[in-house]
Amino acid sequence: MTGEALIDDDLVELLRVLAHPVRLKLIFAVRDQELAVGQIESATGIGQPLLSQQLGVLRNARIVETRREAKQIFYRLKPEALAPVRALADQFGASPDATTSTRDASASAAHFARILR
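Just so it is clear, the model here is predicted, and its values are computed rather than measured. All chains use their own residue numbering, which begins from 1 and follows the written sequence. Predicted model: local features are reported for residues with pLDDT of at least 70 only, side-chain atom pairs are reported and counted for 80 or more only, and whole-chain, interface and lining totals are derived from all residues. Side-chain numbers here rest on the full set of heavy atoms in the structure, without hydrogens or water.

## Examining unusual backbone geometry
Next, step 1: The residue after Gln48, namely Pro49, is reached through a cis peptide bond having omega 0 degrees.
Next, step 2: Each helix is a run of H or I in the DSSP string that is no shorter than four residues. Each strand is a run of E no shorter than two, and both are numbered from the N terminus. Position of Pro49 among the secondary structure elements: in the loop between α4 (37–44) and α5 (50–60).
Next, step 3: One non-glycine residue, Arg62, lies in positive phi territory at about 60 degrees.
Next, step 4: Position of Arg62 among the secondary structure elements: in the loop between α5 and β2 (64–69).
Next, step 5: Burial classes follow relative accessibility: with a 1.4 Å probe on protein chains only, a residue under 20% of its type's maximum area counts as buried, one over 50% as exposed, and anything between as partly exposed. For Arg62, a relative accessible area of 62% gives the class exposed.
Next, step 6: With a phi angle near 60 degrees, Ala70 is a residue other than glycine that sits in the positive phi range.

Now the structure itself:
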């Protein structure tokens, strides 16, 4: 498969959404667990209204999914949401394995972002 076959408007939009540091921080916060908005705020230090705005962007991009319980809204990463990025990273031989730490994954993502510039 050629590189051009992997690049489409949906992938470009996904990469654009992921290119924001606050959104990346939010993705890392909910990647392994479902969290309520207040828990995300405590875990990341991102306050309102920026938190709500960026969670809305992730929700609209279908990267996270929500669940409402009474007045609380819980967020979690959709497992399949980042599959196109993994496929693209595989083309560069940059896909981290399951034992990679969060810090190492962040460094890999930063390296990958530099490749795309």
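## What about helix α6 (residues 83–92)?
Next, step 1: Among the residues of α6, Val85, Leu88 and Ala89 are the ones counted as buried. End-on, the buried residues of α6 take up no more than an arc of 100 degrees, which puts them together on one face.
Next, step 2: Following α6 by one or two positions, Gly93 has its phi on the positive side, about 70 degrees. Summarising the geometry, the arc corresponds to the directions from the helix axis toward the C-beta atoms.

## Quick word on the packing of aromatic side chains
Next, step 1: A pair of aromatic rings is counted whenever rings of Phe, Tyr or Trp (Trp by its six-membered ring) have centres within 6.5 Å, and the orientation is called stacked for planes under 30 degrees apart, edge-to-face for over 60 and tilted otherwise. Here the structure, examined in full by the defined rule, presents zero aromatic pairs.
Next, step 2: Between Arg67 and the ring centre of Phe74, over which it is positioned, the NZ or CZ distance is 4.4 Å. Lysine and arginine charges are scored as sitting over a ring when NZ or CZ, respectively, is within 6 Å of the ring centre and within 35 degrees of the ring normal.

## Description of the side chain of Lys78
Next, step 1: On the secondary structure map, Lys78 appears in the loop between β3 (72–77) and α6.
Next, step 2: For this analysis, residues touch if any pair of their heavy atoms sits within 4.5 Å. Apart from the residues within four sequence positions on either side, Lys78 is in contact with Arg62, Ile63, Val64 and Glu65.

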